[in-house]
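# Observations on the model geometry
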Amino acid sequence: KQWYQRRVREEIPVWLQDYAITPDEKYDWGGESYKNLDRYQTLMTRLYRQELRQCIEQYEDYRNHIIKELEDRMQLHDLNPAQVPSTTQQDINSDETFV
């Protein structure tokens, strides 16, 4: 368990972060030891998870902003949710503007 905790705390090198964004196909991974390859794989997985969390947080912020805007408009026009038509997935799929 100690070796895993060290890996979790290990800082991701800048060159590996750059490689994750734009992989260099010419890099010779054959010269790396198995231990280093395993370490890089662990760091890349952690990097991708961090990026995924950031992406999800951005979408959640955007979604919350839309919900707040809808609530503000409903309050402004003194509407309750039952009076507001909802958009179904079928409506979105059939509407060419969403394609």
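Residues numbered from 1 in each chain as written. Predicted model: local features only at pLDDT ≥ 70, side-chain atom pairs only at ≥ 80, totals over all residues. Heavy atoms only, no water.

## Examining the overall build of the protein chain
Just so we agree on the cut-off: Helix and strand definitions here come from DSSP, where helices need a minimum of 4 consecutive H or I residues and strands a minimum of 2 consecutive E residues; each element is numbered from the N-terminal end. Each residue is placed in one exposure class: buried if its accessible area under a 1.4 Å probe, protein chains only, is under 20% of its type's maximum, exposed if it is over 50%, and partly exposed if it falls in between. The contact criterion used is simple: two residues touch if any of their non-hydrogen atoms lie within 4.5 Å.
A count of helical and extended segments in the protein chain gives four helices and zero strands. When the helices and strands of the protein chain are listed from N to C terminus, the series reads α-α-α-α. For the protein chain, with 99 residues in total, the buried portion stands at 12%. Counted over contacts in the protein chain with a minimum sequence separation of 6, partners at least 24 positions apart contribute 71%.

## Side note on the packing of helix H2 (residues 14-21) against helix H3 (residues 34-76)
Angle between the axes and distance between the axes: these two values describe a pair of packed helices. Definition in use: The convention used is that axes are lines fitted to C-alpha atoms, helices contributing only their stretch in contact, and that angles between N-to-C directions extend from 0 to 180 degrees. If you view the pair so one helix is near and one far, a crossing is left-handed when the near helix is turned anticlockwise from the far one by less than a right angle, and right-handed when it is turned clockwise. Each residue is assigned to one class: nonpolar for Ala, Val, Leu, Ile, Met, Phe, Trp, Tyr, Cys and Pro, charged for Asp, Glu, Lys and Arg, and polar for all the others, Gly among them.
Where H2 meets H3, the closest approach of the two axes is 11 Å, and the angle between their N-to-C directions is 65°. Crossing hand, H2 versus H3: right-handed. Residues Trp15, Leu16, Gln17, Tyr19 and Ala20 of H2 form the contact with H3, whose own contacting residues are Tyr40, Leu43, Met44, Leu47 and Tyr48. A breakdown of the residues in the contact of H2 with H3 according to their chemical character gives nine nonpolar, one polar and no charged.

## Considering the packing of aromatic side chains
The condition is simple: Any two of the Phe, Tyr and Trp rings considered here, Trp counted by its six-membered ring, make a pair once their centres fall within 6.5 Å; the pair's planes then place it as stacked at under 30 degrees, edge-to-face at over 60, or tilted in between.
Tallied over the entire structure, the rule returns four aromatic pairs. Taking 5.8 Å as the distance between ring centres and 65° as the angle between the ring planes, the aromatic pair formed by tryptophan 29 and tyrosine 40 counts as edge-to-face. Of the two residues, tryptophan 29 sits in the loop between H2 and H3 while tyrosine 40 sits in helix H3, which places them eleven residues apart along the sequence. You can call tryptophan 29 partly exposed: its relative accessible area is 22%. In this structure tyrosine 40 comes out as buried when scored by relative accessible area, which is 10%. An aromatic cluster is built from Trp15, Tyr19, Trp29 and Tyr40, whose rings are joined through pairwise contacts.

## Here we look at the nonpolar core
Here is the rule: By nonpolar core is meant a set of buried Ala, Val, Leu, Ile, Met, Phe, Trp, Tyr and Cys residues that side-chain atoms within 4.5 Å join together.
In this structure, Ile12, Leu16, Tyr19, Ala20, Tyr40, Leu43, Met44 and Leu47 together form the largest nonpolar core, which totals eight residues. Among the secondary structure elements, those contributing two or more residues to this core are H2 and H3.

## Section: a nonpolar patch on the surface
For the record, the criterion: Grouping into patches uses exposed residues only, defined as over 30% relative accessible area, and leaves out salt-bridged ones; the cut-off is 9 Å for like charges and 5 Å for nonpolar side chains (Val, Leu, Ile, Met, Phe, Trp, Tyr). To measure how exposed things are, a 1.4 Å probe is used in the Shrake-Rupley method; for residues, cover is taken only from the protein chains shown. For this document, the term salt bridge refers to a Lys or Arg side-chain nitrogen within 4 Å of an Asp or Glu carboxyl oxygen.
A cluster of nonpolar residues, Tyr62, Ile66 and Leu70, forms a patch on the protein surface that exposes about 310 Å² of accessible area. Its place among the elements puts isoleucine 66 in helix H3.

## Considerations on H3
For clarity, the threshold we go by: Here, expected helix span is obtained from the residue count minus one, scaled by 1.5 Å.
The end-to-end C-alpha distance of H3, which contains 43 residues, comes to 63 Å, matching closely the 63 Å that a straight helix rising 1.5 Å per residue would cover. For H3, the full list of buried residues reads Tyr40, Leu43, Met44, Leu47 and Met74. Just past H3, the residue aspartate 78 takes up positive phi, approximately 55°.

## Quick notes on the pattern of salt bridges
For the structure on display, the rule yields three salt bridges. Aspartate 72 is the salt-bridge partner of lysine 68, the closest N and O atoms lying 3.0 Å from each other. You can see lysine 68 and its partner aspartate 72 sitting in helix H3, four residues apart, about one turn around the helix. Here arginine 73 and glutamate 69 are joined by a salt bridge, their closest N and O atoms 2.9 Å apart. Of this pair, arginine 73 and glutamate 69 both sit in helix H3, four residues apart, roughly one helical turn. By relative accessible area, glutamate 69 is classed as partly exposed at 32%.

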